[in-house]
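Residue-level structural notes
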Amino acid sequence: MNMEVTCLLLLTLIPFHCRGQGVYAPAQAQIVHAGQACVVKEDNISERVYTIREGDTLVLQCLVTGHPRPQVRWTKTAGSASDKFQETSVFNETLRIERIARTQGGRYYCKAENGVGVPAIKSIRVDVQYLDEPVLTVHQTVSDVRGNFYQEKTVFLRCTVNSNPPARFIWKRGSDTLSHSQDNGVDIYEPLYTQGETKVLKLKNLRPQDYASYTCQVSVRNVCGIPDKAITFRLTNTTAPPALKLSVNETLVVNPGENVTVQCLLTGGDPLPQLQWSHGPGPLPLGALAQGGTLSVPSVQALDSGYYNCTATNNVGNPAKKTVNLLVRSMKNATFQITPDVIKESENIQLGQDLKLSCHVDAVPQEKVTYQWFKNGKPARMSKRLLVTRNDPELPAVTSSLELIDLHFSDYGTYLCVASFPGAPVPDLSVEVNISSETVPPTISVPKGRAIVTVREGSPAELQCEVRGKPRPPVLWSRVDKEAALLPSGLPLEETLDGKLRLERVSRDMSGTYRCQTARYNGFNVRPREAQVQLNVLFPPEVEPSSQDVRQALGRPVLLRCSLLRGSPQRITSAVWRFKGQLLPPPPAVPVAGEASDHSELRLDAVTRDSSGSYECSVSNDVGSAVCLFQVSAKAYSPEFYFDTPNPTRSHKLSKNYSYVLQWTQREPDAVDPVLNYRLSVRQLNQHSAMVKAIPVRRVEKGQLLEYILTDLRVPHSYEVRLTPYTTFGAGDMASRIIHYTEPINSPSLSDNTCHFEDEKICGYTQDLTDNFDWTRQNALTQNPKRSPNTGPPTDISGTPEGYYMFIETSRPRELGDRARLVSPLYNASAKFYCVSFFYHMYGKHIGSLNLLVRSRNRGALDTHAWSLSGNKGNVWQQAHVPINPSGPFQIIFEGVRGSGYLGDIAIDDVTLKKGECPRKQMDPNKVVVMPGSGVPRQPHPQLWGPVAVFLLAWQR
């Protein structure tokens, strides 16, 4: 039989139903958590507090309802790890954070919206639990009382730990726990203003017995399974804080290229302190080697200057620290300034007025730089009119100034300033200044025709300002129209020597006004001169819509409009329309007096099959072009699947088939011609062939819920469903979804749902938290290949390898008498009698017992035995019917008890809870389902049994 015929047998489509009701509804949301939560109370199942251990996996799921299907977006506030959390925007998104950190705790928000009403926002607080290793430090005070006759020594042992929740502290001397009441010589208290959790053990007036080992044990009371942690310190009469000394001076000046070695020597400390070197700012230089207390830096360079810190710690007292300030001799950036007579507020050099020439270099160490002045190649001679000063308060530190009093003509000449480090192998730096009648302050201007620079986006640009004067200072560039804006280089100011600011690949955000101004160094120290340049960046237009889906019924007109959003220049110079790539005649323009057009329109008198297709409008502004795309058709929009169908899955008793209620609405049905029918395609996942059927419909209205029931779907397989609307135009947009088999979770009703355990939710059953171990869900494909032979079923009751069942694994570490309990959901009793039907498999020489209990919820929880069976019953599935008569809300409990050995696996499957009494006729015990390999003929597959029920009736009055 080929695959297509098989699919036809497995899938039957029953008649179509249509309900005339508007089902559009705003989004609603609920947060549920899974994963590795701990300390979860019954009342925080959702939207409250999720407690999790640091390093475990956080799993939050936002369950949504509403139609159309809401979109989900997760966000987070509080905590400082938002950069590690990525937002999502998908349906029913499960937020999963692997190895969660404490900084990722906080409140998480689920926002669900579908365009109907207001969005639904729910939140849950995530509390991350942790316990760090404790830190124990020892501090001592010494005070003299009554002169020298009595000396008191008090020791404080401080234990600090970071934890959530707050930690509990236990102090021990040796193995004995310490407390105030047992020893008057100790005091335990919590200090104020400490970081983290802290407890102090105070040893008052040390006694001989106080010299011992002390342990600080911290605990969070095993919350989330976090074990206690402890730290121990041995106090002796030699315990002392660390002490250090350096082998060099605290300030060390060296020449570049030298090898530097610094030793940090311990002079005290018990226990033996640990030494560590660090550098600030930044890490230790590349090539630096720190071994114990010795630090070696080979071939030092100027960048290696900084503070080198040696720290000794032994948790007694405060750490000892010594710092070496390493200065590597260097000089750079020689500059000069010409300052006219300040008293007379002059900006020019004039005979008879004072003049000051200043020289500065950036050096390390700055104060060791020496300056020497030369005039016309000879050392400048000091006199009453020629003075050399240092550290002028109006100039940068360590600046040398040559002051000319009452400037004479003879003072004109070339002055040279030389900066040096005497006796050091560092090259001198010099700067030359020419003083004459031609030495004039600067002026700055923009060359003619360069005040406005216009370039295309992506091209290079050059902004230019001309500086006149002697000497000509550098030009500083900055932005004008954006106060906080930086230059394209990323700097607020940029220096150019030739007055030109060069920009590579300009972008539209570089448009604006730029300022050029003269620097106050390497020229006159006067008020800066400035000018401005405007940069205009031309860029292609941006249009809307970039893409638009236009739907209209056949015969109706359509207006297509392409609008200019932005561009430089901000106008449309041409607009070209195409249909399916073919050029269309220009549409008639609608002129507006005195205004440039900012849009182009194309009108279609009627939508037809021939006029349906892709339209393109290409808009240009002389710099470039942009395109509006329109897809015009009379196609129907896609259906909108309805995800809020209550209990869409219907399972069938004694068979492995199920049906599914498929519901949907039609999106915007009035936008096009009426929907005539739907094409339904159903395909089992991992199969190639599909069942296809046409479903005729009458007129469909907006918000009208449509329904179709799929039957004979195979448990537990999933199926892909595709649904395509058809109008007089033809096929519309297809919608697809995956439907999964889910076990029923509801109160018993006349519909008699059977739980096959095919879904991970196992019909709402839960593992009892008070038993010894858990039931396990598995099938033939997920069985452990190394499982114990001669016990347990090879497959479920259906005999298919995909079918699941529940069983207890009795191998190690299980022991005799261990119990596993599987608890049903809570049912509200609406009848006097109920019948619990189920299949069981009890095969193995060490089989214990299978018990069925009923838990009454009338007045507290009371468990009563309803049925029990023990011992080996063979490699067969057998059925039991158990009558119960609960007096109020109740739960049923399957209890598996481990026998004397590991060959004692017990399994159950196909549990049904039905109102009314159980069948009274007991069938032939030989008519049972025998598993393959037992040598006994097997009965037909359960789904083909017809009216004959094969079971063992076992009940207890």
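Basis of the calculations
Residues numbered from 1 in each chain as written. Predicted model: local features only at pLDDT ≥ 70, side-chain atom pairs only at ≥ 80, totals over all residues. Heavy atoms only, no water. Pairing = 2+ DSSP bridges. Helix = DSSP H or I, 4+ residues; strand = E, 2+ residues; numbered from the N terminus. Buried < 20%, exposed > 50% of the residue type's maximum accessible area, 1.4 Å probe, protein only. pLDDT = per-residue confidence, 0-100. Contact = heavy atoms within 4.5 Å. Polar contact = N/O pair within 3.5 Å; in protein donor to acceptor, adjacent residues only side chain to side chain. Salt bridge = Lys/Arg side-chain N within 4 Å of Asp/Glu carboxyl O. Disulfide = S-S within 2.5 Å. Phe/Tyr/Trp six-rings, centres within 6.5 Å; stacked < 30°, edge-to-face > 60°. Lys NZ or Arg CZ within 6 Å of the ring centre and 35° of its normal. Core = buried A, V, L, I, M, F, W, Y, C linked by side-chain atoms within 4.5 Å.

Some words on the sheet that holds strand β69 (residues 862-870)
Whether parallel or antiparallel, the strands of a sheet pair through hydrogen bonds between backbone atoms. Pairing is antiparallel in the open sheet, where 5 strands are placed in the order β63-β66-β71-β68-β69. With one partner strand each, in any of the chains shown, β63 (766-767) and β69 form the two edges of the open sheet. Relative to strand β66 (residues 819-823), β63 runs antiparallel, the two being bridged by 2 bridges. By the bridge assignment for β66, T766 is matched with V823.

Structural notes on the environment of A485
By secondary structure assignment, the location of A485 is in the loop between β40 (475-479) and β41 (494-496). For A485, a relative accessible area of 22% puts it in the partly exposed group. Sequence separation of A485 and M510 is 25 residues, and the distance between their C-alpha atoms is 9.7 Å.

As for the confidence of the model for the protein
On average, residues of the protein score 86 in pLDDT, and 86% of them reach the 70 mark or higher. Scored below 50 in pLDDT, residues 1-21 shows 50 contacts in the model against residues more than four places distant or in partner chains. Ignoring residues within four places in sequence, the model shows residues 143-151, a span with pLDDT below 50, making 8 contacts including any to other chains.

A closer look at the side chain of Q217
Residue placement: Q217 occurs in strand β18 (residues 213-219). A polar contact of 3.3 Å, which involves the side chain of Q217, links it to the side chain of D228.

Remarks on the pattern of salt bridges
A full pass over the atoms with the stated rule returns 36 salt bridges. Between R515 and E530 there is a salt bridge, with the nearest N and O atoms lying 3.6 Å from each other. Of this pair, R515 sits in strand β43 (residues 512-518) while E530 sits in strand β45 (residues 530-544); the two residues are 15 residues apart in sequence, bridging distant segments of the chain. By relative accessible area, R515 is classed as partly exposed at 22%. In this structure, the salt-bridge partner of R821 is D768, at a minimum N-O distance of 4.0 Å. Of the two residues, R821 is situated in strand β66 and D768 in the loop between β63 and β64 (776-778); the sequence distance between them amounts to 53 residues. Each member of the pair, R821 together with D768, is buried. Ionic contacts of the salt-bridge type, sharing partners, join the residues D768, R819, R821, R855, D863 and E895 into one network.

Description of the sheet that holds strand β32 (residues 386-390)
The mixed open sheet is built from 5 strands, whose spatial order is β32-β33-β29-β28-β44. Looking at the sheet topology across the chains shown, the edges are occupied by β32 and β44 (523-524). Judged from the 9 bridges that link them, strand β28 (residues 330-340) and strand β29 (residues 355-364) form a sheet pairing that is antiparallel. Within the sheet, the bridge partner assigned to K332 lies in β29 and is D362.

Points about the state of the cysteines
Within the structure shown, the criterion is met by 8 disulfides. What pairs with C62 in a disulfide is C110, and their sulfur atoms sit 1.7 Å apart. Given an S-S torsion of about -50°, the disulfide between C62 and C110 has left-handed geometry. With C62 in strand β5 (residues 58-67) and C110 in strand β9 (residues 106-113), the pair connects residues that are 48 residues apart, well separated along the chain. Between C755 and C763 runs a disulfide, and the two sulfur atoms are separated by 2.0 Å. With the S-S bond torsion at 95°, the cross-link from C755 to C763 turns out right-handed. Free cysteine C617: the closest other cysteine sulfur is in C562, separated by 4.0 Å.

Topic: the packing of aromatic side chains
Inspection of every chain in the model, using the stated rule, returns 14 aromatic pairs. With 6.2 Å between their ring centres and 65° between their planes, Y805 and F807 make a pair best called edge-to-face. As far as burial versus exposure is concerned, Y805 and F807 are alike and both buried. Members of the aromatic cluster, each reached through a chain of ring pairs, are F838, Y840, W867 and F894. The lysine or arginine in question, R69, covers the ring of F643, its NZ or CZ lying 4.5 Å from the ring centre.

Concerning the nonpolar core
One recurring pattern in soluble globular proteins: nonpolar side chains tend to sit buried together. Membership of the largest hydrophobic core comes to 34 residues, with the highest contact counts inside it found for F838, I884 and F894. For this core, the secondary-structure elements that each account for two or more residues are β65 (805-808), β66, β67 (834-842), β68 (849-856), β69, β70 (876-884), β71 (890-897) and β72 (906-915). In terms of residue count, β67 provides more of this core than any other element does, 5 residues in total. If we skip the residues at most four places from it in the chain, I884 touches K832, F833, Y834, V836, V854, A866, F890, I892 and L913.

Quick notes on the pairing of strand β37 (residues 452-456)
Alternating residues of β37 divide into V453 and V455, all buried, and I452, T454 and R456, none buried. Relative to β45, β37 runs parallel, the two sharing 5 bridges. Directly across from V455, in β45, lies its bridge partner V537.

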